[in-house]
Structures are given as structure tokens and as C-alpha cells.
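Residue-level structural notes
Below, each chain spelled out in residue letters.
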Amino acid sequence: GAVVSQHPSWVICKSGTSVKIECRSLDFQATTMFWYRQFPKQSLMLMATSNEGSKATYEQGVEKDKFLINHASLTLSTLTVTSAHPEDSSFYICSARRDRGFGTNEKLFFGSGTQLSVL
Amino acid sequence: SQQGEEDPQALSIQEGENATMNCSYKTSINNLQWYRQNSGRGLVHLILIRSNEREKHSGRLRVTLDTSKKSSSLLITASRAADTASYFCATDAIAGNQFYFGTGTSLTVIP
């Protein structure tokens, strides 16, 4: 149990286009999901905390208009990279905090990540 | 980093030896967790220690937590080649609903 599906796993796009990444909790509800960005051989940088039914909370230095987050249901959060540029190329990982009633909510469950390459 | 530092950044040991990695963090926490990442993949949860706990064991893993020093350590005993991966500590902060990762330790276990 406690599976998080992230899609797509790999995307290549042209500069200027927008890319949407989905993060789904398959067998539990998650009011809170997190979006991270990871550069090669570096740690995960928290970009934003996604809350179902309310606006996402962005970390300092993360452009909210650039990285649009929509958490429209208790099982789905999406990250849209708008007008992508080569410097947006990175590995993006989502994680979900399981709501109480579905088991412990202390640990996070991670998607398998999305490698974005912007040409 | 957003929350803390880990050391060493990289560690290379022989199979069978023990591996110790340390994590320091900045804010008050509910719990601290250790995760493992094989290159370019998602993260796997290893062990969680709550702020009122000092030590915890799980199989070959032993984690300690010192909240007065805001630090934790992860010990992997009798290492195996399959333990080769990056290891990250992560903190569940009390203030706000954020979950930050340390800088990570890259562990290589030589067969």
C-alpha cells in the first residue's frame, strides 16, 4: 500500500512550452503533497507545499507564476512548469503525506520522479 | 541547504564495514527521518525517529537523535554492496507543514 504515482517519468520539450507533471496517491488520501527539485548529485530542494483546496505555499526564491501547482483533489496534485527554459531542466519529485485514517502520516511517500529536459 | 547539512558528503568503505553518516538541522522538529535514493530514482523511507526518542534500531540500521545539538546519525552495520546509494536525512518541522532534506551522503560499498 501507500503508492504514489508520478507521471511522466521523462519529458523532453522545446523552450517556451509548458509541461505538466502529475502526482497521484493511489491508495490513500493526501491533503498535503510536496514538490521537490533535484540537480545531479545534489539534495532535494523543497519548492512548494501543495494543500488540497487552498493555495500552495512556495519556498523563498521559487517563482509561483513559473511553477504552477494545483491540488484539486485529495489524491492528485499537479506541477506545471510554464514557459520552460533550459535552466528548468531538472529532476522533479513529488511526495505525499498520508491523511490520518489511512495509517501513520509521519513519513512521506515518494513518486519515482520526472526528468525534465528543455531544449 | 534549506534545513541542514550532512557529513561526510561521500563515503567509501569495504563490504562488511560499518558506515556512519551525520545530519545536522536548524529548526525544532516533530521527527527526523532517513531516506535512501538509488541514482536518479525516487526515495525509499528507511527509519523514523521522533523528537522524544534518542535511539532507534531497524535491522542493520541504527539512528540516534540529539535534539539539544540538533543532530542525528545513521549507522549501517555490516555493509553490503547493495547498500551503495545516497542517503538523506529529512526533518518534519514543527512550525509550518514543511519537510526538508539534508545535503546527503553518497555511500559506496566496495565488494
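See the structure printed just above.
Presented here is an overview of the structure given in this document. (Residues numbered from 1 in each chain as written. Chains lettered and ligands numbered in written order. Predicted model: local features only at pLDDT ≥ 70, side-chain atom pairs only at ≥ 80, totals over all residues. Heavy atoms only, no water.)

Re the overall build of chain A
Counting secondary structure elements, chain A contains zero helices and 11 strands. Over its C-alpha trace chain A gives a radius of gyration of 14 Å, about what one expects of a compact globule, namely 14 Å for 119 residues. Across its three principal axes, chain A shows a C-alpha extent of roughly 45 × 25 × 20 Å. Summarising the internal contacts of chain A: among those between residues at least 6 apart in sequence, 57% fall at separations of at least 24. Carbon and sulfur atoms form 52% of the exposed surface of chain A, whose accessible area is close to 5,700 Å². In chain A, the 12 positive side-chain charges and the 10 negative ones have mean positions that sit 3 Å from each other. (Helix = DSSP H or I, 4+ residues; strand = E, 2+ residues; numbered from the N terminus. Rg over C-alpha atoms; globule rule 2.2 N^0.38 Å. Contact = heavy atoms within 4.5 Å. Areas by Shrake-Rupley, 256 points an atom, 1.4 Å probe, with all protein chains shown as cover. Lys, Arg positive; Asp, Glu negative; His and termini not counted. Charge placed at Lys NZ, Arg CZ, Asp CG, Glu CD.)

Section: unusual backbone geometry
With an omega of 0 degrees, the peptide bond running from His 7 of chain A to Pro 8 of chain A counts as cis. Here Pro 8 of chain A shows up in the loop between strand E1 (4-7) and strand E2 (10-13). Residue Pro 8 of chain B is reached from Asp 7 of chain B by a cis peptide bond, and omega for that bond is -5 degrees. Within the fold, Pro 8 of chain B resides in the loop between strand E1 (4-7) and strand E2 (10-14). One non-glycine residue with positive phi stands out, namely Ser 83 of chain A, at about 40 degrees. Along the chain, Ser 83 of chain A falls in the loop between strand E8 (76-81) and strand E9 (90-97). Even without a glycine there, the phi angle at Ala 78 of chain B is positive, about 45 degrees. The topology assignment puts Ala 78 of chain B in the loop between strand E8 (71-76) and strand E9 (85-93).

Quick word on the interface of chain B and chain A
At the interface, 21 residues of chain B touch 21 residues of chain A. Counting the surface lost from both chain B and chain A, the interface buries some 1,700 Å², and carbon and sulfur atoms represent 49% of this. Linking chain B to chain A there are one salt bridge. Measuring nitrogen to oxygen at the nearest pair gives 3.1 Å for the salt bridge that ties Arg 97 of chain A to Asp 92 of chain B. Elements that contribute at least two residues to the side of chain B that touches chain A include exactly strand E4 (29-37), strand E5 (43-50), E9 and strand E10 (99-101) of chain B. Its residues assigned to classes, the side of chain B that touches chain A comprises seven nonpolar, 11 polar and three charged. (Buried area = accessible area lost by both parts, 1.4 Å probe. Salt bridge = Lys/Arg side-chain N within 4 Å of Asp/Glu carboxyl O. Nonpolar A, V, L, I, M, F, W, Y, C, P; charged D, E, K, R; others polar.)

Re the pairing of strand E7 (residues 67-73) of chain A
Residue and element names in this part refer to chain A. Bridge count for E7 against E8 is five bridges, and the pairing is antiparallel. Looking at the pairing, Asn 70 lines up with Thr 78 of E8. Hairpin connection of E7 to E8: two residues between the antiparallel strands. (Pairing = 2+ DSSP bridges.)

Overview of the sheet that holds strand E7 (residues 61-66) of chain B
Each strand in a sheet pairs with its neighbour through backbone hydrogen bonds, running either in the same direction (parallel) or in the opposite one (antiparallel). Residue and element names in this part refer to chain B. Across the sheet, which stays open at both edges, the five strands sit in the order E1-E3-E8-E7-E6 with antiparallel pairing between neighbours. Each end of this open sheet is capped by a strand with a single partner; those strands are E1 and strand E6 (55-58). Averaged over all pairs of adjacent strands, the angle between their axes in this sheet comes to 15 degrees, without regard to strand direction. Looking at chain direction, E6 and E7 are connected through four bridges and run antiparallel. (Axes fitted to C-alpha atoms, helices over the stretch in contact; angles between N-to-C directions.)

Observations regarding the state of the cysteines
With the rule as written, the count across this model stands at two disulfides over all chains. There is a disulfide in this structure between Cys 23 of chain A and Cys 94 of chain A, and the S-S distance comes to 2.0 Å. Note on the Cys 23 of chain A and Cys 94 of chain A pair: the S-S dihedral is about 80 degrees, so by sign convention the disulfide is right-handed. Within this pair, whereas Cys 23 of chain A is found in strand E3 (residues 19-25), its partner Cys 94 of chain A is found in strand E9, the two being separated by 71 residues in sequence. Summarising the burial analysis for this pair, Cys 23 of chain A and Cys 94 of chain A share the class buried. Paired by a disulfide, Cys 23 of chain B and Cys 89 of chain B hold their sulfur atoms 2.0 Å apart. Because the torsion about its S-S bond is 70 degrees, the bridge between Cys 23 of chain B and Cys 89 of chain B counts as right-handed. Residue Cys 23 of chain B is located in strand E3 (residues 19-25), and its partner Cys 89 of chain B is located in strand E9; the two are separated by 66 residues in the primary sequence. Both residues of the pair, Cys 23 of chain B and Cys 89 of chain B, belong to the buried class. The cysteine Cys 13 of chain A is free of any disulfide, with Cys 94 of chain A supplying the nearest cysteine sulfur at 18 Å. (Disulfide = S-S within 2.5 Å. Buried < 20%, exposed > 50% of the residue type's maximum accessible area, 1.4 Å probe, protein only.)

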